[in-house]
Amino acid sequence: YARMMAERPQLREISSHGGMAPCGPPVPARCVPQPATTVVSMPQDRYRSKTERLYAGLLDHEVNAGMIAQWYYEPCKGLYLAPKLSYTPDFLVVYCDGERGYEFHEIKGAFIREKDWIKAKMAAAQYRCFRFVLAQWKDQHWNWKEIPAT
């Protein structure tokens, strides 16, 4: 220990169990970067977009009205589609009646990217035991469309 301290004078012991930290003159306060303004941290939102948050509110209303039994946000992280290609559906909706059962709902705003539409169609084709629905918020109202399994 004494030899190490002699060879490395820039280190000093900072705890009784031998932890080491750099020694030297204190850093002047003006050298430490300061934020220009104080940032207030907001609680972490679990939704990836405002449109998904809006749809979750609609689903909550439908649960309270008895139209659906329950729903889950992003219940499956990455349904396998192909090597290095997966699809994460936005919502799983569980209906009260036995006819519709389970549906995956993909939420989009006014614009839908072609790659997202193709991935949803691939998922619908590979996972035919589920119904896949596109819910699009456009012109201040929801439009629903079944995603074809092609």
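Check the entry above for the structure.
As a starting point, this report considers the structure included with it.

What follows is about the overall build of the protein. Helix and strand content of the protein: three helices and nine strands. In sequence order, the protein lays out its α and β elements as α-β-β-α-β-β-β-β-β-α-β-β. Counting only residues that meet the buried cut, the protein has 27% of its 150 residues in that class. Counted over contacts in the protein with a minimum sequence separation of 6, partners at least 24 positions apart contribute 47%. Here the protein has roughly 10800 Å² of accessible surface; of this, 56% comes from carbon and sulfur atoms.

Take the layout of surface pockets next. For the largest pocket, the calculated volume is near 310 Å³. Counting only elements with at least two residues in the lining of the largest pocket, the list comes to helix H2 (50-64), strand S5 (85-87), strand S7 (102-108) and helix H3 (114-126). Residues that form the lining of the largest pocket fall into these classes: two nonpolar, five polar and nine charged. Taken as a whole, the second largest pocket encloses approximately 190 Å³ of empty space. Contributions of two or more residues to the lining of the second largest pocket are made by H2, S7, strand S8 (131-138) and strand S9 (141-146).

Oppositely charged side chains can form a pair if their charged atoms are brought close together. Overall, the coordinates contain five salt bridges when judged by the stated rule. A salt bridge links Glu 74 to Lys 77; the nearest nitrogen and oxygen atoms lie 2.5 Å apart. Residue classification places Glu 74 among the buried positions, given a relative accessible area of 10%. For Arg 131, the salt bridge identified is with Glu 146, shortest N-O distance 3.4 Å. A residue pair is termed long-range when its members are at least 10 positions apart, and Arg 131 in strand S8 and Glu 146 in strand S9 qualify at 15 residues. A residue is classified by how much of its surface remains accessible, and Arg 131, at 31% relative accessible area, is partly exposed. A network of salt bridges, in which partner residues are shared, links Glu 103, Arg 131 and Glu 146.

Turning to H2, a few remarks are in order. Taking 1.5 Å of rise per residue, 15 residues should cover 21 Å, and H2 covers 21 Å from first to last C-alpha, within 8% of that figure. Thr 51, Glu 52, Tyr 55, Ala 56, Leu 59 and Glu 62 are the residues of H2 that are buried. Angular distribution of buried residues about the axis of H2 spans 140 degrees; they occupy a single face of the element. Residues of H2 that are exposed and point over 90 degrees away from its buried face: Lys 50, His 61 and Asn 64. As for H2, its buried residues are in contact with strand S3 (68-73), strand S6 (91-95), S7, S8 and S9. Backbone geometry just after H2 places Gly 66 at a positive phi near 80 degrees.

Time to look at H3. With 13 residues, H3 extends 18 Å between its outermost C-alpha atoms, agreeing within 8% with the 18 Å of an ideal straight helix rising 1.5 Å per residue. Those residues of H3 not exposed but buried are Asp 116, Ala 120, Ala 123 and Ala 124. Angularly, the buried residues of H3 cover 100 degrees about the axis, an arc narrow enough to put them on a single face. Turned more than 90 degrees off the buried face of H3, the exposed positions are Glu 114 and Lys 115. Looking at the buried side of H3, the elements it contacts are strand S4 (79-82), S5, S7 and S8.

Procedures and definitions
Residues numbered from 1 in each chain as written. Predicted model: local features only at pLDDT ≥ 70, side-chain atom pairs only at ≥ 80, totals over all residues. Heavy atoms only, no water. Helix = DSSP H or I, 4+ residues; strand = E, 2+ residues; numbered from the N terminus. Buried < 20%, exposed > 50% of the residue type's maximum accessible area, 1.4 Å probe, protein only. Contact = heavy atoms within 4.5 Å. Areas by Shrake-Rupley, 256 points an atom, 1.4 Å probe, with all protein chains shown as cover. 1 Å grid on protein atoms, 1.4 Å probe; cavity = no way out; pocket = protein on both sides within 12 Å on 5 of 7 lines; lining within 4 Å. Points joined across faces, edges and corners; volume = space filled by probe spheres on them. Nonpolar A, V, L, I, M, F, W, Y, C, P; charged D, E, K, R; others polar. Salt bridge = Lys/Arg side-chain N within 4 Å of Asp/Glu carboxyl O. Expected span 1.5 Å × (residues − 1). Arc of directions from axis to C-beta.

Geometry only, nothing functional implied.
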